[in-house]
Amino acid sequence: DQQVKQNSPSLSVQEGRISILNCDYTNSMFDYFLWYKKYPAEGPTFLISISSIKDKNEDGRFTVFLNKSAKHLSLHIVPSQPGDSAVYFCAAIPTGGGADGLTFGKGTHLIIQP
Amino acid sequence: ETGVTQTPRHLVMGMTNKKSLKCEQHLGHNAMYWYKQSAKKPLELMFVYNFKEQTENNSVPSRFSPECPNSSHLFLHLHTLQPEDSALYLCASSQADSLTWETQYFGPGTRLLVL
């Protein structure tokens, strides 16, 4: 059973508009969440994270929102730029962190249209 | 050279071959990971090495054999693979510290095709 779900395999957004990528999780032990961005033929790169003690974290054009009661987080990109076209993975770490691997969603392919 | 490197970038092998994937990290991290990314599936954690000791093996078939000779190098030895093992294999590293949150840094991956 998938513990981290990204239900939209792809999303198309016009350049300059807001991109909203969604992620749901089922494991209540998760309390640290990360977004990774992946271009073709490259490994994922860390983008932004949020701890469960916060409900929002902002870094430039990227903002992540966390709704713990709904077990939902979202990544907002505004304004969207052509270079943002990539696959975005949501990932989670359980309480305690440590060296256990991240649990990833399947990813959402974001396409920014000119 | 910085970051996490992986070689080879592409590999084609027959089911009877034996090959190895190599990962090297230049970040001074103490934990390294192997992930598998198949089409339309989430990234799957295969192995975790923390301070050179394997701490997790998510029921990976024995035809995949990891080796971590030191905290900077990680290998994945492959033998008698199946076509369904064709995937992108990603290596990652992190600074594992139970008191601090961590992020993992990924290599570019090895695209493996098993014929």
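As the structure is a computational prediction, the values presented were derived from the model and not from experiment.

Observations regarding the overall build of chain A
Per the secondary structure count, chain A includes 0 helices and 11 strands. Secondary structure elements of chain A, listed N to C terminal, follow the sequence β-β-β-β-β-β-β-β-β-β-β. Computed over the C-alpha atoms, the radius of gyration of chain A is 13 Å, within 12% of the 13 Å expected from 2.2 N^0.38 for a compact globule of 114 residues. In terms of overall dimensions, chain A has a C-alpha envelope of 40 × 30 × 20 Å along the principal axes. The proportion of buried residues among the 114 residues of chain A is 46%. Residue pairs in contact within chain A that sit at least 24 positions apart in sequence constitute 55% of those at least 6 positions apart.

Side note on the state of the cysteines
Residue and element names in this part refer to chain B. Counting across every chain of the model gives 2 disulfides over all chains. Put simply, Cys23 and Cys91 are joined by a disulfide, and their sulfur atoms are 1.9 Å apart. As the torsion about the S-S bond is roughly -75°, the Cys23-Cys91 disulfide counts as left-handed. Of this pair, Cys23 sits in strand E3 (residues 18-25) while Cys91 sits in strand E9 (residues 87-94); the two residues are 68 residues apart in sequence, bridging distant segments of the chain.

Describing the nonpolar core
With 23 residues, the main nonpolar core has Phe33, Trp35, Leu73, Leu75 and Tyr88 of chain A as its most contacted residues. At the level of secondary structure, the elements contributing two or more residues to this core comprise strand E3 (19-25), strand E4 (30-38), strand E5 (45-51), strand E7 (62-67), strand E8 (72-77), strand E9 (86-94) and strand E11 (108-113) of chain A. At 4 residues, E9 of chain A tops the list of elements feeding residues into this core. Leu73 of chain A has contacts with Leu21, Asn22, Cys23, Tyr25, Phe33, Trp35, Val64, Phe65, Leu66 and Cys90 of chain A, leaving out every residue within four places of it along the chain. In terms of nonpolar packing, the next biggest core, distinct from the first, is built from 22 residues, Phe64, Leu76, Ala87 and Cys91 of chain B among them.

Cut-offs used in this document
- Residues numbered from 1 in each chain as written.
- Chains lettered and ligands numbered in written order.
- Predicted model: local features only at pLDDT ≥ 70, side-chain atom pairs only at ≥ 80, totals over all residues.
- Heavy atoms only, no water.
- Helix = DSSP H or I, 4+ residues; strand = E, 2+ residues; numbered from the N terminus.
- Rg over C-alpha atoms; globule rule 2.2 N^0.38 Å.
- Buried < 20%, exposed > 50% of the residue type's maximum accessible area, 1.4 Å probe, protein only.
- Contact = heavy atoms within 4.5 Å.
- Disulfide = S-S within 2.5 Å.
- Core = buried A, V, L, I, M, F, W, Y, C linked by side-chain atoms within 4.5 Å.

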